Amino acid sequence: ANIVKAMQMPAWYDRGGVSYPLRPGTELKAGDVIRTGADSRALLHMAEGSIVKLGADARFEIEQARTDTSTPDNVFEGLLRVVRGAFRFTTTELGLSKKRKVDVHVGAITVGIRGTDIWGRSLDGTDLFALLEGKVNVQREGEAQFSMQDPLTYVVAEPGKPTTPIQTADMDTVNSLAQETELQTGDGVLTIDGRWGINLMSLQDDKSAIALRQLLNDAGYAAEIETTDVDGEIYVRVRVMGFASKDDARSFASNIDDQYGIRQPWVVKF
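Summary of the structure given here. (Residues numbered from 1 in each chain as written. Predicted model: local features only at pLDDT ≥ 70, side-chain atom pairs only at ≥ 80, totals over all residues. Heavy atoms only, no water.)

1. Observations regarding the overall build of the protein
Okay, so step 1: Secondary structure assignment for the protein yields four helices and 22 strands.
Okay, so step 2: The C-alpha radius of gyration of the protein comes to 21 Å, within 12% of the 18 Å expected for a compact globule of 270 residues.
Okay, so step 3: In terms of overall dimensions, the protein has C-alpha extents of about 70 × 40 × 30 Å along its principal axes.
Okay, so step 4: Taken as a whole, the protein presents about 13,100 Å² of accessible surface, with 46% of it coming from carbon and sulfur.
Okay, so step 5: Measuring between centres, the 30 positive side-chain charges of the protein sit 3 Å from its 39 negative side-chain charges. (Helix = DSSP H or I, 4+ residues; strand = E, 2+ residues; numbered from the N terminus. Rg over C-alpha atoms; globule rule 2.2 N^0.38 Å. Areas by Shrake-Rupley, 256 points an atom, 1.4 Å probe, with all protein chains shown as cover. Lys, Arg positive; Asp, Glu negative; His and termini not counted. Charge placed at Lys NZ, Arg CZ, Asp CG, Glu CD.)

Here it is in structure tokens:
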């Protein structure tokens, strides 16, 4: 399965014309569109053993993700599209032994992947593709296909201009690019096994709690509700659970305080 392993909010996935808040553990399917908000990130584990990292303000489409069981090698076939923002695709040690045929569209650039580590970004019509490790075939719409096999090389495709020749990136550039898709530790990171949470509001009105949860969900925050008994009084708490650390929870609480009618949310461990 394609699973969301970690992320920073706000983020959404669109399925069947409906938007849902992204959360760790979400199982993604062919046809899904993943969107991240400002300063957000998402880390996805793909079914064939690769990792996809998405940066802020990204739009990423899983057009195809299937294992062809009619072939002796059970080849995984994927078609991924980076419509906007930065992404990184890395084949893990687990995935190296698996046969794959994955094409990634980065704006107008198509990259054929057979097991490698790549980084790309589509922003305001300009597409950048970098090969960090491995070998890929690259083709821009209307141009001839070419191969890239030298690590830390990249090409840029600007509107109305031919794709640049293959260029070598210095480590400062590579590190700068990588930071665009890395989770920001201590700044609201959610994980599948995160044990910290935030109680955003405690209400005695079910309808108000459900309305607040929906408002937050629409805004890309994975809020849920919990009913609790306090000295014989029933309260409905609106909360976000799964933060990786206390610092991550505190950071989110600070950022959302005084928004959506929320006042002084408090950190909990579970």
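2. As for the pattern of salt bridges
Okay, so step 1: Enumeration over the complete set of coordinates arrives at 13 salt bridges.
Okay, so step 2: In this structure, aspartate 14 engages arginine 35 in a salt bridge whose closest nitrogen and oxygen atoms are separated by 2.9 Å. One end of the pair, aspartate 14, is in strand E2 (residues 11-15); the other, arginine 35, is in strand E5 (residues 33-36), and 21 residues separate them in sequence.
Okay, so step 3: With a closest N to O distance of 2.6 Å, arginine 121 and glutamate 180 form a salt bridge. Highlighted residues: arginine 121 in strand E12 (residues 117-123) and glutamate 180 in the loop between helix H2 (171-179) and strand E18 (189-191), separated in sequence by 59 residues. (Salt bridge = Lys/Arg side-chain N within 4 Å of Asp/Glu carboxyl O.)

3. Here's the deal with helix H3 (residues 206-218)
Okay, so step 1: Here H3 contains 13 residues, and its C-alpha end-to-end distance of 18 Å stays within 8% of the 18 Å for a straight helix at 1.5 Å per residue.
Okay, so step 2: Three or more residues of H3 are buried, namely Ala209, Leu212, Leu216 and Asn217. Projected onto a plane normal to the axis of H3, the buried residues spread over an arc of 135° and lie on a single side.
Okay, so step 3: Looking at the packing, one finds that the buried side of H3 touches E2, strand E3 (18-21), strand E19 (196-203), strand E20 (224-230), strand E21 (233-243) and helix H4 (246-256).
Okay, so step 4: Capping of H3 at its N-terminal end is provided by aspartate 205; its side-chain oxygen lies 3.0 Å from the backbone amide nitrogen of lysine 207. (Expected span 1.5 Å × (residues − 1). Buried < 20%, exposed > 50% of the residue type's maximum accessible area, 1.4 Å probe, protein only. Arc of directions from axis to C-beta. Contact = heavy atoms within 4.5 Å. Polar contact = N/O pair within 3.5 Å; in protein donor to acceptor, adjacent residues only side chain to side chain.)

4. Let's talk about the layout of surface pockets
Okay, so step 1: Roughly 220 Å³ of volume is contained in the largest pocket.
Okay, so step 2: If you go around the largest pocket, the residues you meet are Gln8, Met9, Pro10, Ala38, Asp39, Asp187, Gly188, Tyr221, Phe252, Asn255, Ile256 and Gln259.
Okay, so step 3: Considering every element that reaches the lining of the largest pocket, the biggest residue donor is H4, with three residues.
Okay, so step 4: Grouping the amino acids of the lining of the largest pocket by side-chain chemistry returns six nonpolar, four polar and two charged. (1 Å grid on protein atoms, 1.4 Å probe; cavity = no way out; pocket = protein on both sides within 12 Å on 5 of 7 lines; lining within 4 Å. Points joined across faces, edges and corners; volume = space filled by probe spheres on them. Nonpolar A, V, L, I, M, F, W, Y, C, P; charged D, E, K, R; others polar.)

5. With respect to the pairing of E3
Okay, so step 1: Relative to E3, E2 runs antiparallel, the two being bridged by four bridges. In the sheet register, arginine 15 faces E3, and the bridge partner there is valine 18.
Okay, so step 2: Joining the antiparallel neighbours E2 and E3 is a turn of two residues, in which glycine 16 adopts a positive phi near 60°. (Pairing = 2+ DSSP bridges.)

6. Observations regarding the environment of glycine 78
Okay, so step 1: Relative to the helices and strands, glycine 78 resides in strand E9 (residues 75-91).
Okay, so step 2: Overall, glycine 78 belongs to the buried group, its relative accessible area being 9%.
Okay, so step 3: Sequence separation between glycine 78 and proline 265 is 187 residues; the distance between their C-alpha atoms is 42 Å.
Okay, so step 4: The contacts of glycine 78, once residues within four sequence positions are left out, are Gln64, Ala65, Lys101, Val102 and Asp103.

7. Thoughts on the environment of glycine 17
Okay, so step 1: Its place among the elements puts glycine 17 in the loop between E2 and E3.
Okay, so step 2: Residue class for glycine 17 comes out exposed when judged on its relative accessible area of 83%.
Okay, so step 3: For the pair glycine 17 and aspartate 32, spaced 15 residues apart in sequence, the C-alpha to C-alpha distance is 9.6 Å.

8. Some details on the side chain of threonine 163
Okay, so step 1: In this structure, threonine 163 sits in the loop between strand E16 (153-157) and strand E17 (167-168).
Okay, so step 2: The exposure class assigned to threonine 163 is buried, which follows from its relative accessible area of 15%.
Okay, so step 3: For threonine 163, the side chain forms a polar contact with the side chain of arginine 140, separated by 3.3 Å.
Okay, so step 4: Side chain to side chain, threonine 163 and glutamate 143 meet in a polar contact 2.8 Å long.
Okay, so step 5: In contact with threonine 163, not counting residues within four places along its chain, are Arg140, Glu143, Val155, Val156 and Ala157.

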